[in-house]
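# Survey of secondary and tertiary structure
Each chain is listed here by its residues.
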Amino acid sequence: MKKKKVLIAIPVVLVAAIIVYAAIMLSGRAITADNLDDQFVQVIENNGCLQCHAAEPKPFWYQKMPLVSGLFEKDMTNGYRSVDLEYVVEQVKNGGEITLADVAKLEQTTLNNDMPVIQYSAVHWGSSLNAKEQQIILDWVTGKRTEYVKGIAEEIGYEMDEATLAKAVSEPVQVVPDASSYDIDAAKAELGLALYHDTRLSADLTVSCATCHPLNNAGQDGSQFSKGIASQVGGINAPTVYNAVFNIQQFWNGRAATLADQAGGPPLNPVEMGHESFDDIAALLEADAEMVAAFEKVYGNEGINQETITGAIQEFERLLTTPNSRLDQYLLGDEGALTAEEIEGYELFKKNYCATCHVGASMGGQSFEKLGTVVDAAVYYEERGTEISGDDQGLYGFTGNEADMYKFKVPNLRNVELTGPWMHDGTHMTLESAVRTMFRFNTANPNPSDDTVNKIVAFLKTTTGENEYMDYKNVPSNKLGQ
């Protein structure tokens, strides 16, 4: 009889302990801060979000108990892969920058009400967001997105009325600004256009920027891997140059901070353009009296060098935005700009978390995300059937940080129907295939229906915008103005 009482007492004590623990958690969830940023931090910290969404998750007191120890391991791994809230909290506390992607992730999770996962909330009673906490997060999201939208508007001198601003901050995707509104140095951009097509930037005078990024082909060459001098083939798909001005960093692995830095890379790459130094390029350009005069007009006595060459190319590439897509018209309030199927595709795009990475004006380029948050990237490469190269390592190849392995700069989705083949390795020949792959490896819905995929693809085709250079005669040359 005594043994039976002991057996009954064990679960009773365990339940009592959990109740006490839940009460302690709930008592610590009072929002005491006045500042919205501080309130946001309190919500994240008080609800135990950092127990999964951190580089070094905090162990639970009961984590080593039988039947429980393995219950959370996968969710903790996926949680950190999806969003590092520890980093977000630190940025908020220290006044640092928050990416649009992190803002969108917090918004969509709150709207979907799907965090924490049931395994966590079943044990941590009361850890789900209450109505007040949800509103704090949504208000915080609105504030951060307002800062971004106003910043873009201020940069291009665009006056935005309150109705347009309210519409913009309610969406994870924003309207592409017309580059004609930017403060552009016209003479510098004209020089940059000439240099963009100048084959003297390559050692054998055969390759220009336009070779791999032709303006009249959506800013990329349509190849899996582009060819450089001596027909050498690179190891990663060339991204479009259109709307690259919105990227927080350049290249798939983010190794260039600016468009000018990016322009300085290929000329010295032995596979791409093959020069040993920019001094060699400057010598070729200085032999051209017309080119010397163009540099003097723009830069005075600064001369022809890496900074002036790449600076001019950057100024030209700032013009390569693609506004006035049907999606932009819809975002500005024209409900008839999209069909019912396309609108439904946009809603599915948001609901399935696509719009938590593909955010902002360019629908990408705002963060580095891991290929394989749900299914490991190793499976992707194994199924691909070819060896993993340095180009497949993503951000890790630039930072050397193990946590950055297989993280890539999120590609822009503007004009995406024109920029295939898709993915960093150019292995996907249709948009449908690329969408299915992203569902499988990076969402909780690994097998989307044909209807879902088709509607999302239909929506993606509404992102194609306009730019005068989309019809530009792409003839690489070494003559100014050709």
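Before reading further, recall that the structure is shown in the block above.
Right, let's walk through the structure included here. (Residues numbered from 1 in each chain as written. Predicted model: local features only at pLDDT ≥ 70, side-chain atom pairs only at ≥ 80, totals over all residues. Heavy atoms only, no water.)

This part covers the overall build of the chain. Looking only at helices and strands, one finds 20 helices and two strands in the chain. Out of the 482 residues in the chain, the part that is buried amounts to 49%. Counting only carbon and sulfur atoms, one obtains 54% of the accessible surface of the chain, whose full area is about 22,700 Å². (Helix = DSSP H or I, 4+ residues; strand = E, 2+ residues; numbered from the N terminus. Buried < 20%, exposed > 50% of the residue type's maximum accessible area, 1.4 Å probe, protein only. Areas by Shrake-Rupley, 256 points an atom, 1.4 Å probe, with all protein chains shown as cover.)

Taken together, the buried positions of helix H9 (residues 186-196) are Ala189, Leu191, Gly192, Leu193, Ala194, Leu195 and Tyr196. Those residues of H9 hidden inside the fold are in contact with helix H10 (209-212), helix H12 (278-286), helix H13 (289-299) and helix H14 (306-317). Its side-chain oxygen at 3.2 Å from the backbone nitrogen of Ala187, Asp185 defines the N-terminal cap of H9. (Contact = heavy atoms within 4.5 Å. Polar contact = N/O pair within 3.5 Å; in protein donor to acceptor, adjacent residues only side chain to side chain.)

Evaluation of the coordinates by the stated rule reveals 20 salt bridges. Between Lys105 and Glu369 there is a salt bridge, with the nearest N and O atoms lying 2.9 Å from each other. On the criterion of sequence distance, the pair formed by Lys105 in helix H5 (residues 100-112) and Glu369 in strand S1 (residues 368-370) is long-range, its members being 264 residues apart. This pair shows no difference in class: Lys105 is buried, exactly as Glu369 is. Across the salt bridge formed by Glu347 and Lys350, the nearest N and O atoms sit 3.3 Å from each other. Taken together, the positions of Glu347 and Lys350, both in helix H16 (residues 340-351) and three residues apart, correspond to about one turn of that helix. When salt bridges that share partners are traced, they join Asp102, Lys105 and Glu369 into one network. (Salt bridge = Lys/Arg side-chain N within 4 Å of Asp/Glu carboxyl O.)

We now examine the packing of aromatic side chains. Summed over all chains, the structure comprises twelve aromatic pairs. With a centroid separation of 4.9 Å and 25° between ring planes, the pair formed by Tyr346 and Phe459 is classed as stacked. With a gap of 113 residues between them, Tyr346 in helix H16 and Phe459 in helix H20 (residues 450-460) connect regions that are remote in the sequence. By the burial criterion, Tyr346 is buried, and Phe459 matches it. Residues Tyr469 and Tyr472 carry aromatic rings whose centres are separated by 5.8 Å and whose planes lie at 55° to one another, so their mutual orientation is tilted. The class for Tyr469 is buried, based on a relative accessible area of 13%. (Phe/Tyr/Trp six-rings, centres within 6.5 Å; stacked < 30°, edge-to-face > 60°.)

A surface patch of like charges, here negative, comprises Glu276, Asp279, Asp280 and Glu286. As for its position among the elements, Asp280 is in helix H12. (Patch = residues over 30% accessible without salt bridge, like charges linked within 9 Å, V, L, I, M, F, W, Y side chains within 5 Å. Lys, Arg positive; Asp, Glu negative; His and termini not counted. Charge placed at Lys NZ, Arg CZ, Asp CG, Glu CD.)

So, on to H16. Compared with an ideal rise of 1.5 Å per residue, which puts twelve residues at 16 Å, H16 spans 16 Å between its outermost C-alpha atoms and is within 8% of the ideal. Inspection of H16 places Glu342, Gly345, Tyr346, Leu348, Phe349 and Lys350 among the buried residues, and these make up the whole buried set. Buried residues belonging to H16 abut H5, helix H15 (326-331) and H20. After H16 finishes, the residue Tyr353 shows a positive phi value of roughly 70°. (Expected span 1.5 Å × (residues − 1).)

Cis geometry is found at the peptide bond from Gly420 to Pro421, where omega equals 0°. For Pro421, the location among the structural elements is in the loop between strand S2 (407-409) and helix H19 (431-442). Residues other than glycine seldom take positive phi values, yet Ala218 does so here, at roughly 65°. Examined against the element boundaries, Ala218 turns out to sit in the loop between H10 and helix H11 (259-263). Located in the positive-phi region is Phe251, a residue other than glycine, with phi close to 75°.

As a further point, take the side chain of Ser367. Residue position: Ser367 is located in the loop between H16 and S1. Exposure remark for Ser367: the relative accessible area of 5% places this residue in the buried category. A distance of 2.7 Å separates polar atoms of two side chains, one belonging to Ser367 and the other to Glu369. When neighbours within four sequence positions are excluded, Ser367 is seen to be in contact with Thr99, Ala101, Ile248, Phe408, Lys409 and Val410.

Turning our attention to the state of the cysteines. What the rule picks out here adds up to zero disulfides. The thiol of Cys212 is unpaired, and the distance to the nearest cysteine sulfur, on Cys209, comes to 8.8 Å. Look at Cys212 and you get buried, because its relative accessible area is 14%. Here Cys354 is not disulfide-linked; the sulfur of Cys357 is the nearest cysteine sulfur, at 8.8 Å. When its relative accessible area of 16% is taken as the criterion, Cys354 is described as buried. (Disulfide = S-S within 2.5 Å.)

Looking now at the nonpolar core. Counting residues in each nonpolar core, the largest one holds 49 residues, and the members touching the most others are Leu191, Leu195, Leu215, Phe295 and Ile309. When neighbours within four sequence positions are excluded, Leu195 is seen to be in contact with Leu201, Leu285, Met291, Phe295, Ile309, Ala312 and Ile313. (Core = buried A, V, L, I, M, F, W, Y, C linked by side-chain atoms within 4.5 Å.)

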